[in-house]
Amino acid sequence: MPILAVLAPHAPTSQRTPGELAPALVERARRGDADAFRALVLHHQKSVHALLYRLLVPSGRGALVEDCTQETFLRVYRALPDFQPQGSAKLSTWILTIATRLALNELRRPSLVVAVDELAALPVSSPLRADSLVERRALGQAIRDALGQLPPDQRAVLVLRELHGLEYAEIAGILDLELGTLKSRLARARAAMAARPPPALSPATATRSRSRFKALPAWASQCRAASTSSGLAGAGCSGARA
């Protein structure tokens, strides 16, 4: 499963979805403490930004990522007093719910934006040779293209499961889906991603990939690195999920 293997590395990374904040700090934020809310935003902003990037950029809506990130936390601020810390949803899941639904609403709107190669425009700081960087960008583009071919509802399920590591029950709550419907969408998304052919890799890149990610196909490992440097696999990545 070429592209899918990139999205779901077999080994967890250091960029997983952040853990939960201390209950006392959350309670202070709920009561309107500005410093506590600032800490909440700092704790969750990378995960929210990464989720919105993964959902919006493949459809050519990258210009909306920053605005939607800000809008997400504005909605969090307004609704936080009503959040129940002892309820069934964790704060992190509740915040991702707001971000996901905001992104899906944007994706339902008719787009007047012409999709551009936003990944290629991102600055890359790396000691790798130029030809390796070109390959990484090509592979990052392959990921974006593959995600862009998925319907938004399938993309959301795949991203939340494979990249943000949420459990089925959490995703079902975020997207308001029955468990069977969720699993069906995930299976279709995985199948579509698995069917995507990988770009060609040079022998040198393949060798580096095998040494870095032995559990993955060589080209997919390098594509994982490309997605990390390009933002598709930023904060909130998780290990492979069933």
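Keep in mind that what you see is a predicted model, and the values were worked out from it rather than measured.

Each value, and the rule that gives it
- Here the residue numbering is sequential within each chain, running from 1 through the sequence in written order.
- In view of the model being predicted, local features appear only for residues whose pLDDT reaches at least 70, and side-chain atom pairs are presented and counted only at 80 or more, with totals across whole chains, interfaces and linings using the full set of residues.
- As a convention, hydrogens and water are excluded, and side-chain values are obtained from all of the structure's heavy atoms.
- Here the axes come from fitting lines to C-alpha atoms, over the contacting stretch only for helices, and the angles between their N-to-C directions go from 0 to 180 degrees.
- Here a helix means four or more residues in a row that DSSP labels H or I, a strand means two or more in a row labelled E, and each is numbered from the N terminus.
- Here is the rule for angles: anything less than 35 degrees is roughly parallel, anything more than 145 is roughly antiparallel, 65 through 115 is roughly perpendicular, and the remaining ranges are oblique.
- Crossing handedness: left-handed means the near helix sits turned counterclockwise from the far one by under a right angle, and right-handed means the same turn made clockwise.
- By definition, residues are in contact when any of their heavy atoms lie within 4.5 Å.
- Gly counts as polar in this scheme, as do all residues outside two lists: the nonpolar Ala, Val, Leu, Ile, Met, Phe, Trp, Tyr, Cys and Pro, and the charged Asp, Glu, Lys and Arg.
- The salt bridge definition used is simple: a Lys or Arg side-chain nitrogen within 4 Å of an Asp or Glu carboxyl oxygen.
- Per-residue accessibility, obtained with a 1.4 Å probe over protein chains only, is compared with the maximum for each type, and a residue is labelled buried under 20%, exposed over 50%, and partly exposed between these values.
- The length a helix should cover is 1.5 Å for every residue beyond the first.
- For our purposes a nonpolar core is just a set of buried Ala, Val, Leu, Ile, Met, Phe, Trp, Tyr and Cys residues, chained together by side-chain atoms within 4.5 Å.

Draft legend 1. Layout of the packing of helix 4 (residues 65-79) against helix 5 (residues 91-108). One way to put it is that helix 4 packs onto helix 5 with a least axis distance of 9 Å and a crossing angle of 130°. Of the possible angle classes, the one that applies to helix 4 and helix 5 is oblique. For the crossing formed where helix 4 meets helix 5, the hand is right-handed. On helix 5, the residues touching Cys68, Glu71, Thr72, Phe73, Arg75, Val76 and Ala79 of helix 4 are Trp94, Ile95, Ile98, Ala99, Leu102 and Glu106. Among the residues making up the contact of helix 4 with helix 5, the classes are represented as 9 nonpolar, 1 polar and 3 charged.

Draft legend 2. Seen up close, the pattern of salt bridges. Across all of its chains, the model carries 10 salt bridges by this definition. A salt bridge links Glu106 to Arg109, with the shortest nitrogen-to-oxygen separation between them at 3.3 Å. Owing to a relative accessible area of 16%, Glu106 belongs among the buried residues under this scheme. In this structure, Arg185 and Asp153 form a salt bridge, with 3.6 Å as the shortest nitrogen-oxygen distance. In this pair, Arg185 is assigned in helix 10 (residues 179-194) and Asp153 in helix 8 (residues 152-163), connecting sequence segments 32 residues apart. Residue classification places Arg185 among the buried residues on the basis of a relative accessible area of 19%. Using a relative accessible area of 29% as the deciding quantity, one classes Asp153 as partly exposed.

Draft legend 3. Structural view of the environment of Leu64. By secondary structure assignment, the location of Leu64 is in the loop between helix 3 (34-56) and helix 4. With 12 residues separating them in the primary sequence, Leu64 and Leu52 have C-alpha atoms 8.7 Å apart. Contacts of Leu64, omitting those with residues within four sequence positions, involve Leu56 and Glu106.

Draft legend 4. Structural detail: helix 5. Between the first and last C-alpha of helix 5 there are 26 Å, a value that for 18 residues agrees with the 26 Å anticipated at 1.5 Å per step. Buried residues dominate helix 5, accounting for 15 of its 18 residues.

Draft legend 5. Spatial organisation of unusual backbone geometry. At Asp176, a residue that is not glycine, the phi angle is positive and equals roughly 55°. Here Asp176 lies in the loop between helix 9 (168-175) and helix 10. Asp176 sits in the exposed class, given a relative accessible area of 66%.

Draft legend 6. Layout of the nonpolar core. The biggest cluster of nonpolar side chains holds 51 residues, and the ones touching the most others in it are Leu40, Leu52, Leu80, Leu91, Trp94, Ile95 and Leu175. When contributions to this core are tallied by element, the ones reaching two or more residues are helix 2 (23-30), helix 3, helix 4, helix 5, helix 7 (130-148), helix 8, helix 9 and helix 10.

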